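What follows is the residue order along each chain.
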Amino acid sequence: MGAISAPLVVVLLFCCLVSVSQAEYLKYKDPTQSLNVRIKDLLQRMTLEEKIGQMVQIERSIATPEVMKKYFIGSVLSGGGSVPKINASAETWIEMVNGIQNGSLSTRLGIPMIYGIDAVHGHNNVYKATIFPHNVGLGVTRDPVLIKKIGDATALEVRATGIQYVFAPCIAVCRDPRWGRCYESYSEDPKIVEAMTEIITGLQGDISGNSRKGIPYVAGKNKVAACAKHYVGDGGTSRGINENNTLINYRGLLNIHMPAYHDSIVKGVSTVMVSYSSWNGKKMHANHFLVTDYLKNKLKFRGFVISDWLGIDKITSPPHSNYSYSIQAGVGAGIDMIMVPFNFTEFIDVLHYQVKNDIIPESRIDDAVERILRVKFVMGLFENPLADLSLVNQLGSEEHRQLAREAVRKSLVLLKNGKSAEKPLLPLPKKAANILVAGSHADNLGYQCGGWTITWQGAGGNNLTVGTTIFDAVKQTIDPATNVFYKESPDPTFVKSNNFSYAIVIVGEPPYAETFGDSLNLTIPEPGPSTITNVCESIQCVVVLITGRPVVIQPYLSKIDALVAAWLPGTEGQGVADLLFGDYGFTGKLARTWFKTVNQLPMNVGDKNYDPLFPFGFGLTTNPT
């Protein structure tokens, strides 16, 4: 190759300098710029197609890098039980999330997607994650400091898998235990639910004192964006029927169902999910007054509003029967991100048509995208879009399991202790000749965790994930000289012929989620009642109830020596044994009214004819031995 002449070198250098000087400065990529400057700069560069793409959330199973790039998709989620593979490791999750994210980053503007998942009692979709007690138990603790620690631990485990956004907390105020989602509610009392919003500061980080009200806040890449749900009144539906109608006047809605949302917004919650339910006949997904006028304008919420799974489809009956109307009503009401989750091209095409034909103003689209971008900028997604392996050891860590065990101890409620106050049964002696552990829920980790555990509906058995069953915990706690026998459903002959010192009977509800849990009778299914009768009629027994809510127990109460409400304690069954055997004392107080018969429902503390079996706030205590 020949030598290049000096004049030519000068010309080439000049051209390079001109090219560099003309390279466009992108304010939205500069973290030193103010939040509003970055949002405005990016928004004005976006086409309508890119804006609409940001409003779409699709399921991970169809979220290929090619789809993300072609349609500018703003968000991806895992539906209940949707995983990259069975028993996937944290590394496998990270590989999947980063693969999808690379598709987003390869677009013209490189806007990162945000990945959401239902981490409602720990990182519950993920194998080996710590599963905390469901909210029905956590409300019993009345301990916001503990709840904040659970939020912090959950955030670390979620980030350990590369995910940045959780659909939690559920801040429903369950007013009727017949509702299949009642275990997702902390209490029937709005004050307790409001106090439990402290989990948001655990998930997202502590907002600074001088922050403007309503601005979302996420403190870096060890925290996640949270989601207050389901807005609003989902816990007050008629007869507790899921997705049904909440009949209550405006003042009642504000006094019972709204306070926790106000508190969440003050704490900087990033997103709010709209409820499937209706308020006085008006679908929440189409309620402009409550979504836009109240939530966005009056409460000054500046994060984004997200629909529930196929939520806008359900504006019509049957669902999706007039999809064009549903999109117009849902987006028009003020929903910013739509959980499609599969048929996204239809949504994109219809919304594009409606904007082009002035059915929906582009200003409404700009509002939605501005809110979505605000959350993404605030949480640092533009600076740190890809996950690394630095947090994988946080998944199911021993520290988090000990925290969950503490939560179990504080969430149990002792409802009865001895057939007379002078002769308490609990705490049980660790040293005895022979003891019996019985019941369908005694050695069943899946039952112990309940719904929303690994799969959407949950499942029975001990292969679901990693944890300690209550039976295993009993064996680890008793004196080595004590003989322990386990029989799931013993008959009276077996019970009488083995000279047991006492029995621990653990029964309750099978796992369920959402509508599948709606129940008009709230009875414990067989063989639970038979096990209680067969065991407790012959020997001293403590009955431990594994349920998502109060259930019918009055017919068996006289046979039972001691009764414990353990709710849905999660993977750390050792926390139950800690109390049964006196290593710690019972402290929990009911955060829900325990009815005598279902004919009394709905019945809540403060009602005129309040006549419960165990009142709100009831709970016997014991001293640790």
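Sequence positions are assigned chain by chain, starting from 1 and proceeding in written order. Thresholds applied to this predicted model are a pLDDT of at least 70 for local features of residues and 80 or more for the giving and counting of side-chain atom pairs; totals over whole chains, interfaces and linings are not thresholded and use all residues. Side-chain numbers come from the whole structure's heavy atoms, not from hydrogens or water.

**Remarks on the confidence of the model for the chain**
Alright, step 1. Values of pLDDT, ranging from 0 to 100, describe the predictor's confidence in every residue of the model. On average, residues of the chain carry a pLDDT of 96, and 96% of them reach 70 or more.
Alright, step 2. Per the convention used, a helix needs a DSSP run of H or I reaching at least four residues, while a strand needs a run of E reaching at least two, with both numbered from the N terminus. Per-element confidence in the chain is highest for strand S10 (residues 304-306), whose mean pLDDT is 99, and lowest for helix H1 (residues 6-22), whose mean pLDDT is 46.
Alright, step 3. Segment residues 9-21 is flagged for pLDDT under 50; beyond a separation of four residues in sequence, or across chains, it makes one contact in the model. Should any heavy atoms of two residues lie within 4.5 Å, those residues are considered in contact.

**Topic: the pattern of salt bridges**
Alright, step 1. Salt bridges, as used here, are contacts in which a Lys or Arg side-chain nitrogen is within 4 Å of a carboxyl oxygen on Asp or Glu. This model, assessed by the stated rule, comprises 33 salt bridges.
Alright, step 2. Residue Arg38 pairs with Glu383 through a salt bridge whose shortest N-O separation is 2.6 Å. Note that Arg38 is positioned in helix H2 (residues 35-45) and Glu383 in the loop between helix H15 (362-378) and helix H16 (398-411), a separation of 345 residues in sequence.
Alright, step 3. On the accessibility criterion, Arg38 (5% relative accessible area) is buried.
Alright, step 4. With a shortest N-O distance of 3.1 Å, Glu362 and Lys51 are connected by a salt bridge. Placement of the pair is Glu362 in helix H15 and Lys51 in helix H3 (residues 48-54), with a sequence separation of 311 residues.
Alright, step 5. Think of it in three bands: with a 1.4 Å probe and only protein chains considered, a residue is buried below 20% of the maximum accessible area for its type, exposed above 50%, and partly exposed in between. With a relative accessible area of 35%, Glu362 lands in the partly exposed category.
Alright, step 6. Overlapping salt bridges, with partners in common, bring together Lys296, Asp336, Arg364, Asp367 and Arg371 in one network.

**Concerning the state of the cysteines**
Alright, step 1. In this description, the term disulfide denotes a pair of cysteine sulfurs within 2.5 Å. Within this structure, the stated rule accounts for two disulfides.
Alright, step 2. A sulfur-sulfur separation of 2.2 Å characterises the disulfide bridge that pairs Cys174 with Cys182. Across the S-S bond of Cys174 and Cys182 the torsion is about -105 degrees, and the bridge reads as left-handed. As far as burial versus exposure is concerned, Cys174 and Cys182 are alike and both buried.
Alright, step 3. Across the chain, the way the bonded cysteines pair up, counted in sequence order, is 1-2, 3-4.

**Regarding the sheet that holds strand S7 (residues 271-274)**
Alright, step 1. Strands qualify as paired when DSSP identifies two bridges or more between them. Here three strands make up an open sheet; going across it, the order is S5-S7-S10 and the pairing parallel. Among the strands making up the open sheet, the edge pair consists of strand S5 (227-231) and S10. Looking at each pair of strands side by side, their axes are set apart by 25 degrees on average, direction ignored.
Alright, step 2. Judged from the three bridges that link them, S7 and S10 form a sheet pairing that is parallel. Helix axes are fitted only over the stretch in contact, all axes being lines through C-alpha atoms; the angle between N-to-C directions runs from 0 to 180 degrees.

**Considering the UniProt feature "domain: Glycoside hydrolase family 3 C-terminal" (unreviewed entry) in the chain**
Alright, step 1. UniProt positions are given in the numbering used here, feature names are shortened, and annotations may be inferred rather than shown by experiment. Those residues carrying the UniProt feature "domain: Glycoside hydrolase family 3 C-terminal" (unreviewed entry) are residues 412-621 in this numbering.
Alright, step 2. For the annotated span residues 412-621, helix accounts for 16% and strand for 15% of the residues, and the straight-line distance between the end C-alpha atoms is 11 Å.

**Focus: the domain arrangement of the chain**
Alright, step 1. Each domain's extent is set by a domain assignment, obtained either automatically or from a database. We note that the domain assignment places domain 1 (47-394) and domain 2 (412-614) within the chain.
Alright, step 2. Using only C-alpha atoms to locate each centre, domain 1 and domain 2 end up separated by 34 Å.
Alright, step 3. Here domain 1 and domain 2 share an interface that buries about 3300 Å² over both sides, 53% of which is from carbon and sulfur atoms.
Alright, step 4. Our count for the contact surface shared by domain 1 and domain 2 stands at two salt bridges. Simply put, the buried area is the total loss of 1.4 Å probe accessible area from both parts when two parts are fitted together.

**Let's talk about the pairing of strand S13 (residues 434-438)**
Alright, step 1. Counting buried positions along S13 gives five out of five residues, so the element sits mostly inside the fold.
Alright, step 2. Here S13 shows two buried faces, one formed by Asn434, Leu436 and Ala438 and the other by Ile435 and Val437.
Alright, step 3. One ladder, built from five bridges, connects S13 with strand S14 (residues 483-487); its direction is parallel. Opposite Val437, over in S14, you have Tyr486 as the bridge partner.
Alright, step 4. Summarising the sheet, S13 and strand S15 (residues 502-508) pair through four bridges and their orientation is parallel. Among the inter-strand pairings, Val437 is bridged to a residue of S15, identified as Ile504.

**Considerations on the nonpolar core**
Alright, step 1. We call a set of buried Ala, Val, Leu, Ile, Met, Phe, Trp, Tyr and Cys residues a nonpolar core when their side-chain atoms join them within 4.5 Å. Formed by 120 residues in total, the largest nonpolar core has its most connected members in Tyr231, Phe347 and Leu351.
Alright, step 2. Not counting residues up to four positions away in its chain, the partners in contact with Phe347 are Val56, Ile312, Tyr323, Ile327, Ile338 and Val340.
Alright, step 3. Val413, Val535, Cys536 and Ala577 belong to the second largest nonpolar core, which has 67 residues in total.

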